[in-house]
Amino acid sequence: MKIPFTKMQAEGNDFIIIDNRRGMLKKRGIEDFVRKVCRRRFSVGADGVILIENSKKADFKWHYYNPDGGEVEMCGNGSRCAARFAYLNKITPARLSFETIAGIIKAEIKGSRVKVELTKPNGLRLGFKLPINGKKYEANFLNTSVPHVVYFSENLEKLDVVGIGRKTRHHKLFRPSGTNANFVKITGYHNLSIRTYERGVEDETLACGTGSVASALIAGALNKVKSPVYVKTKGGKTLKVYFKWDGKEFSQVFLEGEAKVIYEGDLSKEALMG
């Protein structure tokens, strides 16, 4: 059996998107399926797999899987790709909503750009010490549908993003689910640069939507930036983050950027072999 799919990318994050509204793919065995199709050079290769399914609460429901096969609550860049996929395939109008584990996400399609409204962030924690390899790093934390630690630095290029990121991801403070780790440089009152280590991918990625949002919001809470914030990613692209901060909590949190179709195809049986 061949499985139709669309490969999309948003600011360097790439995803395999499958219309599963007819239940072609079953829950049983999905982890193995995801691991195999996400392998670069051996299959399609991607930062994640998105299944589009029917919903009684919104225009559609999605399931998002990291390359390790684990399902997670949310992915900012993936959400923008899913929204544009649904619009291009006439599943939804240009203004839409879809169901995730994190809650209902609203989106608006503007050509190749997509603006999504994220669920309310929680768990803000500023300026705490995180011991890693005998050194204490000043860290910040926010859950923007998925957990994110944010470190501020003046020199992103010399940082051991993978080494520190991996230790942060598996730190006992964030067990059992772990956390993502973001390394941020403030470059202006509306600008920052970012590098992100993503759990599930277990490596640095070219961009992370929810990580960009978490970093912009934490910088806003520390009065380092003001909305809107332009976030330059490792891949060189820029995401736009909007938010309101009343000194205690965030509201009206939006993420905007491009979401593009790379190619369409069919997964063959050989692509799923070990």
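Residues numbered from 1 in each chain as written. Predicted model: local features only at pLDDT ≥ 70, side-chain atom pairs only at ≥ 80, totals over all residues. Heavy atoms only, no water.

1. Brief notes about the overall build of the protein
At step 1: In terms of helices and strands, the protein carries four helices and 18 strands.
At step 2: Its C-alpha atoms give the protein a radius of gyration of 18 Å, within 12% of the compact-globule value 19 Å for 274 residues.
At step 3: Dimensions of the protein, computed from C-alpha atoms along their principal axes, come out at roughly 50 × 40 × 30 Å.
At step 4: The 274 residues of the protein split such that 53% are buried.
At step 5: Taking the contacts inside the protein whose residues are at least 6 apart along the sequence as the reference set, 61% of them involve residues at least 24 apart.
At step 6: When the accessible surface of the protein is summed, it comes to about 12800 Å², and 47% of that surface belongs to carbon and sulfur atoms.
At step 7: Across the protein, the 47 positively charged side chains and the 29 negatively charged ones have centroids separated by 2 Å. (Helix = DSSP H or I, 4+ residues; strand = E, 2+ residues; numbered from the N terminus. Rg over C-alpha atoms; globule rule 2.2 N^0.38 Å. Buried < 20%, exposed > 50% of the residue type's maximum accessible area, 1.4 Å probe, protein only. Contact = heavy atoms within 4.5 Å. Areas by Shrake-Rupley, 256 points an atom, 1.4 Å probe, with all protein chains shown as cover. Lys, Arg positive; Asp, Glu negative; His and termini not counted. Charge placed at Lys NZ, Arg CZ, Asp CG, Glu CD.)

2. Observations regarding the packing of aromatic side chains
At step 1: Inspection of the entire model under this criterion finds eleven aromatic pairs.
At step 2: Pairing Tyr137 with Tyr151 gives two aromatic rings, centres 6.0 Å apart and planes at 65°, and the pair type is edge-to-face. In this pair, Tyr137 sits in strand 10 (residues 135-143) while Tyr151 sits in strand 11 (residues 147-152), placing the two residues 14 residues apart along the sequence.
At step 3: For Tyr151, a relative accessible area of 4% puts it in the buried group.
At step 4: Ring centres 5.3 Å apart and planes at 25° place the aromatic pair Tyr151 and Phe183 in the stacked group. Of the two residues, Tyr151 is situated in strand 11 and Phe183 in strand 12 (residues 180-188); the sequence distance between them amounts to 32 residues.
At step 5: Residue classification places Phe183 among the buried positions, given a relative accessible area of 2%.
At step 6: Each member of the aromatic cluster is reached from another via a ring pair, and the members are Phe15, Phe60, Trp62, Tyr64 and Phe98.
At step 7: The aromatic ring of Phe128 is capped on one face by Arg125, whose charged end is 4.1 Å from the ring centroid. (Phe/Tyr/Trp six-rings, centres within 6.5 Å; stacked < 30°, edge-to-face > 60°. Lys NZ or Arg CZ within 6 Å of the ring centre and 35° of its normal.)

3. Overview of the layout of surface pockets
At step 1: Of the volumes computed, that of the largest pocket is approximately 290 Å³.
At step 2: Lining of the largest pocket is provided by 15 residues; of these, Cys38, Arg40, Ala46, Asp47 and Val201 occupy positions nearest its centre.
At step 3: Across the lining of the largest pocket, the residue classes tally to five nonpolar, two polar and eight charged.
At step 4: As for the second largest pocket, its lining consists of 13 residues, and the residues nearest its centre are Tyr137, Glu138, Tyr151, Phe152 and Ser153.
At step 5: At the level of elements, strand 9 (122-132), strand 10 and strand 11 are the ones that each hand at least two residues to the lining of the second largest pocket.
At step 6: A total of three residues in the lining of the second largest pocket trace back to one element, the largest contributor, which is strand 10.
At step 7: Counted by class, the lining of the second largest pocket contains eight nonpolar, three polar and two charged residues. (1 Å grid on protein atoms, 1.4 Å probe; cavity = no way out; pocket = protein on both sides within 12 Å on 5 of 7 lines; lining within 4 Å. Points joined across faces, edges and corners; volume = space filled by probe spheres on them. Nonpolar A, V, L, I, M, F, W, Y, C, P; charged D, E, K, R; others polar.)

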